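Chains, contacts and geometry: an overview
If you want the building blocks of each chain, they are given just below.
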Amino acid sequence: MKKMITDTMLMPTYVSRFSCIGGECEDTCCAGWGITLDKDTFLRYQSSFDSVLRPLFTQHVKRYSKSKSNEDYGHIELGKDDCKSCPLLDEGKLCRIHERLGEKALSDTCSHYPRTVHRFGDLHQMTLDLSCPEAARLALLAEDAFDFVAEDRTISQGFITVVRPKEGIDLATMEEVRSLIVQILRSPDITLSNRLRVVGQFCERLDGLIRQRRFEDLPGLLGDMEQDLDSGAAMAPLAGFTALPEVQAQVSAPFLMAGLKAFQSPHVRRVLEEVAQGLGFREGLAPEGPALVRAYEVGRARLAPALAAVPWLLEHFVLNEVLRDLFPWAGESPKRQFAGLVIRHATARLLLVGRAASREGMLTPLQLAETLQVACRGFAHDRNLVRHSHQVLEESGWDNLERLYTLI
Ligand code: SF4
């Protein structure tokens, strides 16, 4: 039987406002990507005698033969329709398992998406994945979406990611590093691009201390960064740094080409094709350099007034990526994770610019949020695309900090 826990969880305000819109959803999570089953749920479906569900479970519920973990023990095979829908959905796009066995019978994936829960010591932190359209609207369109609140929530223990101390670094220091990064990303007197560059500086210095195993110097680095932020000294290395739209366009266009080649839900594909049309793509291929840069400049000019209606949009996007991904402690080095964040920011902006370029009229706030939802659903979830993007950067020598800055 699944072990459920109830605890007070720290979350951005938009998370406390979220509820799934079910059959109204324009890009349902019950289609187009793997539906992992934890062991308890897999065994429950295998032993179900429900007359409607049993034949469906027999046909579509499969064991991951190579998996050794209880969290991804098996999966539900996707349907063969255009959307690759979950075969357990009824004609009304509602879940037959939920209808016939109740919410408790859902797998951790189905019952908890789009939620992500990390446990840092005694503290549970919840965020949502903006690949969910409703979550994206709530996170990106409300100015107070990232004010933090604490609420009691009940969740399956198996679904919680327990954060372990990194070698030589205790949890308290790891949490201080994350809080400082959120503070930098929310600094009102600095442009978002420069906030990201300051985060890049911080990650590079953090990386250096970790590689030299100078863990005792981490508290000093935190103090220095806070001081530099307060005094403005953190901006000194960035003086005279200007973004290079032509570089942004040419380095991020291959990300879109790869996204257009991959399987995408009809909703994601519709938006990506608008973006491609706006940037002058033909049959999924980017136009020559100068033509691409011209289209990008047109899009930037049309996007600016639209963004003025929601000036916090990209800040909220980046904040959510940082919170959801346990940045900079999720696996790889802080500097490599920073490169990943720059890729996601560059891809998100490319989609916004391309979509703005594809139309005479101004993008509405809802269309801006939809475009960033597509950036999450169409790119962030596809490991191959993420790997490909890093490869593009590394092979083109764009993964060093100074060059990454020009992509921001
Ligand atoms: S994507 Fe979000 S709103 Fe849509 S069905 Fe899934 S949880 Fe609900």
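Residues numbered from 1 in each chain as written. Predicted model: local features only at pLDDT ≥ 70, side-chain atom pairs only at ≥ 80, totals over all residues. Heavy atoms only, no water.

Another point: the sheet that holds strand E2 (residues 35–37). A sheet is described by the order of its strands in space; here 3 strands give the open sequence E2-E4-E3, paired in antiparallel fashion. The outermost strands of the open sheet, each flanked by one partner alone, are E2 and strand E3 (61–63). The mean inter-strand angle of the sheet, taken between neighbouring strand axes irrespective of direction, is 30°. Two strands pair when backbone bridges link them, and E2 and strand E4 (residues 74–76) are joined in this way by 3 bridges, in the antiparallel orientation. Following the sheet pairing, Ile 35 is matched in E4 by Ile 76. The strands touched by helix H2 (residues 39–46) are E2, E3 and E4; relative to E3, the strand with the most contacts, the crossing angle is about 125°. Helix H3 (residues 53–60) rests against E3 and E4 of the sheet, and its axis sits at about 40° to E3. (Pairing = 2+ DSSP bridges. Helix = DSSP H or I, 4+ residues; strand = E, 2+ residues; numbered from the N terminus. Axes fitted to C-alpha atoms, helices over the stretch in contact; angles between N-to-C directions. Contact = heavy atoms within 4.5 Å.)

Let us now look at the state of the cysteines. Per the counting criterion, the structure on display carries 0 disulfides. Distance from the sulfur of Cys 86, which forms no disulfide, to the nearest cysteine sulfur (Cys 30) is 6.4 Å. Under the relative-accessibility criterion, Cys 86 is labelled buried at 9%. (Disulfide = S-S within 2.5 Å. Buried < 20%, exposed > 50% of the residue type's maximum accessible area, 1.4 Å probe, protein only.)

Counting residues in hydrophobic clusters, the biggest one holds 111 residues, and the most contacted among them are Tyr 14, Phe 202, Leu 256 and Phe 338. The leading source of residues in this core is helix H14 (residues 334–357), at 11 residues. Summarising the domain contributions, this core has at least three residues from each of domain 1 (4–163) and domain 2 (170–408). If near-sequence neighbours (up to four positions away) are discounted, Leu 256 is found in contact with Leu 272, Val 275, Ala 276, Leu 279, Phe 281, Leu 350, Leu 351 and Phe 379. Listed in part, the 16 residues of the second largest apolar core include Ile 35, Leu 37, Leu 56 and Cys 86. (Core = buried A, V, L, I, M, F, W, Y, C linked by side-chain atoms within 4.5 Å. Domains from an automatic or database assignment.)

Right, let's talk about unusual backbone geometry for a bit. Between Tyr 113 and the following residue, Pro 114, the backbone shows a cis peptide bond with an omega angle of 5°. Of note, the bond from Phe 327 into Pro 328 is cis; its omega dihedral lies within 30 degrees of zero at 0°. Topologically, Pro 328 is positioned in the loop between helix H13 (313–324) and H14. At Lys 93, a position not held by glycine, the phi torsion is positive, near 60°. Its location among the elements puts Lys 93 in the loop between E4 and helix H4 (96–101).

Below, the discussion takes up the environment of Phe 263. As for its position among the elements, Phe 263 is in the loop between helix H10 (245–261) and helix H11 (266–278). The class for Phe 263 is partly exposed, based on a relative accessible area of 34%. Filtering out sequence-adjacent residues up to four positions away, Phe 263 remains in contact with Gly 32, Asp 82, Cys 83, Lys 84 and Arg 269.

All right, on to the site of the ligand then. The environment of the ligand is formed by Cys 20, Ile 21, Cys 25, Asp 27, Thr 28, Cys 29, Tyr 113, Pro 114, Cys 132 and Pro 133. Class assignment for the residues of the shell around the ligand results in 8 nonpolar, 1 polar and 1 charged. (Near = heavy atom within 4 Å. Nonpolar A, V, L, I, M, F, W, Y, C, P; charged D, E, K, R; others polar.)

A separate point is the side chain of Gln 201. Along the chain, Gln 201 falls in helix H8 (residues 192–211). Judged by relative accessible area, which is 13%, Gln 201 ranks as buried. A distance of 3.1 Å separates a polar side-chain atom of Gln 201 from the backbone oxygen of Ala 234. Not counting residues within four places of it along the chain, the set of residues in contact with Gln 201 comprises Ala 234, Pro 237, Leu 238, Leu 401 and Tyr 405. (Polar contact = N/O pair within 3.5 Å; in protein donor to acceptor, adjacent residues only side chain to side chain.)

Turning our attention to the pairing of strand E5 (residues 115–120). Alignment of E5 against strand E6 (residues 123–128), held across 6 bridges, turns out to be antiparallel. Residue pairing for E6: Val 117 is matched across the bridge by Met 126. Hairpin connection between E5 and E6: a loop of 2 residues separates the two successive antiparallel strands, and Gly 121 in this loop has a positive phi of roughly 60°.

A few words now on the side chain of Asn 320. Residue placement: Asn 320 occurs in helix H13. Among the residues examined, Asn 320 registers a relative accessible area of 0% and is labelled buried. Discounting chain neighbours no more than four positions away, the residues touching Asn 320 are Tyr 14, Thr 127, Leu 128, Leu 130 and Phe 146.

Turning our eyes to something else, we now look at the packing of aromatic side chains. Evaluated as defined, the whole model comprises 4 aromatic pairs. An angle of 65° between the planes, with centres 5.3 Å apart, marks the rings of Phe 42 and Tyr 73 as edge-to-face. Here Phe 42, found in helix H2, pairs with Tyr 73, found in the loop between E3 and E4; they are 31 residues apart in sequence, far enough to count as distant. For Phe 42, a relative accessible area of 8% puts it in the buried group. When the centroid spacing of 4.4 Å and the interplanar angle of 5° are considered together, the rings of Tyr 45 and Phe 57 count as stacked. In this pair, Tyr 45 sits in helix H2 while Phe 57 sits in helix H3, placing the two residues 12 residues apart along the sequence. Neither Tyr 45 nor Phe 57 differs from the other in exposure class; each is buried. A cation over a ring is seen here: Arg 63 above Tyr 73, with NZ or CZ 3.6 Å from the ring centre. The residue whose ring lies beneath Arg 377 is Trp 33, and the NZ or CZ to ring-centre distance is 3.8 Å. (Phe/Tyr/Trp six-rings, centres within 6.5 Å; stacked < 30°, edge-to-face > 60°. Lys NZ or Arg CZ within 6 Å of the ring centre and 35° of its normal.)

What follows deals with the pairing of E6. With 5 of 6 residues buried, E6 lies mostly within the body of the structure. Here 2 bridges tie strand E1 (residues 4–12) to E6, and the two strands are oriented parallel to one another. In the strand pairing of E6, Met 9 is matched with His 124.

By the assigned domains, the protein chain splits into domain 1 (4–163) and domain 2 (170–408). Spacing between the C-alpha centres of domain 1 and domain 2 amounts to 27 Å. With 36 residues of domain 1 at the contact, the number on the domain 2 side is 28 residues. When domain 1 packs against domain 2, the two sides together hide about 2,800 Å² of surface, and 65% of this comes from carbon and sulfur. For the pair domain 1 and domain 2, the interface holds 2 salt bridges. The residue Arg 377 makes a salt bridge to Asp 27 at a minimum N-O spacing of 3.7 Å. Counting across the interface, domain 1 meets domain 2 through 14 residue pairs in polar contact (both at pLDDT 80 or more). Per element, the largest residue contribution to the side of domain 1 that touches domain 2 is 6 residues, and it comes from helix H6 (residues 133–141). Looking at side-chain class alone, the side of domain 1 that touches domain 2 contains 20 nonpolar, 8 polar and 8 charged residues. (Buried area = accessible area lost by both parts, 1.4 Å probe. Salt bridge = Lys/Arg side-chain N within 4 Å of Asp/Glu carboxyl O.)

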